[in-house]
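Structural overview for review
Okay, here's what each chain looks like letter by letter:
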Amino acid sequence: MDWKGIFAPKPKLTPELEERIRRSFDESSRDEEHFPSTIDPRIYHVKLLLDHLGDLNGKRALDVGCGKGRFARVFQEQEPRAELWGLDISEEMLRFVPEGIHTRAGSMTALPFEDAYFDGAYATESLEHAVEIEKAVAEICRVVKPGGRIVIIDKNQEQWGRLQTPAWEKWFGRREMERLLARHCRSVSSRPISYWEDVAPDGLFLAWLAEK
C-alpha cells in the first residue's frame, strides 16, 4: 500500500495559485490554435455527452470550465430549447462564448449557483485544472438536481507524461474518480474513449458517467 501517497498533503488552491491559473487562461484565450472556439460536432465526446445527458429540451445544463464554449456552442445548435450555462475562471475566455448561452465567471471549487439548479452538468478536459479536485467534484454534484446526470471527460493518469502540462494540472485514475463521484451519485460508470467512435481508444481519455 502507498502510505506515502495516502498521507501526502492535498494540493491547495491558494488565492495566489488561483490568480496564476486565471492569468494563464486569460493569456491562452488569444491562442485560437490550441484553445479553439469551435469543435467538430462529429467527435465522440459530443455524442457521449448528448447520449448521457439525454433530452435537454426545456432543461438547464452547465458546462463546467467551458473555456470559449466550444461544446456549449454545439449543444446550442442541436438542443435549441435547452438553457445552457458556461462557467469558467477566465472572463477573457468567456468573451468568446456565443450569445444565447449564459455565462458566469468563477472557480470550479466554489460554483456560484444554488443547490440543485441544473438538470445536468459536464466537464470536458477542465477538471484537471481545479487543483482541489475532491471539492470541485462535490460542487458539480451539489448544483445538479437529484436524478440529474453528470459527465466528466478527462485524461488518464496512467498516460501522464504524454503531453506537456502546467504545474498545477492533475490527471485522474479511473477508480479514483469513480470513488469521488460515488460519494454524491447513486450510479457511476467509466470507460476509455477516443475522439472518434470508430477509432479504438489509445488510453489517453477516460469518461465518467454519473446519475445523482
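Presented here is a report on the structure given in the accompanying data block. (Residues numbered from 1 in each chain as written. Predicted model: local features only at pLDDT ≥ 70, side-chain atom pairs only at ≥ 80, totals over all residues. Heavy atoms only, no water.)

We now examine the sheet that holds strand S3 (residues 102–105). Two orientations exist for strands paired in a sheet by backbone hydrogen bonds: parallel and antiparallel. Taken together, the 7 strands give an open sheet; going across it, the order is S3-S2-S1-S4-S5-S7-S6, and neighbouring strands pair in mixed fashion. At either margin of the open sheet sits one strand with a lone partner, and together these are S3 and strand S6 (187–193). On average, adjacent strands in this sheet sit at an angle of 15° to one another, irrespective of strand direction. By the bridge criterion, 3 bridges tie strand S1 (residues 60–64) to strand S4 (residues 118–124) in an arrangement that is parallel. Bridge pairing links Leu 62 to Ala 121 in S4. Against the sheet, helix H4 (residues 70–78) makes contact with S1, strand S2 (83–88) and S4, and its axis sits at roughly 135° relative to S4, the strand it touches most. (Pairing = 2+ DSSP bridges. Helix = DSSP H or I, 4+ residues; strand = E, 2+ residues; numbered from the N terminus. Axes fitted to C-alpha atoms, helices over the stretch in contact; angles between N-to-C directions. Contact = heavy atoms within 4.5 Å.)

This part is about the environment of Leu 181. Relative to the helices and strands, Leu 181 is located in helix H7 (residues 174–182). The spacing of Leu 181 and Met 93 is 88 residues in sequence and 27 Å in space, taken between C-alpha atoms. Leaving out residues up to four positions away in the same chain, Leu 181 has contacts with Val 137, Cys 141, Ile 150, Ile 152, Val 188, Trp 208 and Ala 210.

Another point: unusual backbone geometry. Not every positive phi belongs to a glycine, and Ala 116 is a case in point at roughly 55°. Tracing the chain through its elements places Ala 116 in the loop between S3 and S4. You can call Ala 116 partly exposed: its relative accessible area is 30%. Even without glycine at this site, Glu 125 takes up a positive phi of about 50°. (Buried < 20%, exposed > 50% of the residue type's maximum accessible area, 1.4 Å probe, protein only.)

Scanning the model with the defined rule gives 21 salt bridges in all. A salt bridge links Asp 115 to Arg 142; its shortest N-O distance comes to 2.7 Å. With Asp 115 in the loop between S3 and S4 and Arg 142 in helix H6 (residues 133–142), this residue pair connects regions lying 27 residues apart in the sequence. Residue classification places Arg 142 among the partly exposed positions, given a relative accessible area of 22%. A salt bridge links Arg 186 to Glu 211; its shortest N-O distance comes to 2.6 Å. Taken together, the positions of Arg 186 in the loop between H7 and S6 and Glu 211 in strand S7 (residues 205–211) put the pair 25 residues apart, joining distant regions of the chain. Using a relative accessible area of 63% as the deciding quantity, one classes Arg 186 as exposed. Linked through salt bridges whose partners overlap, the residues forming this network are Glu 18, Glu 19, Arg 22 and Arg 23. (Salt bridge = Lys/Arg side-chain N within 4 Å of Asp/Glu carboxyl O.)

Our focus in this paragraph is H4. The complete set of buried residues in H4 reads Arg 70, Phe 71, Ala 72, Val 74 and Phe 75. Here the buried face of H4 lies against helix H3 (44–53), S1, S2 and S4.

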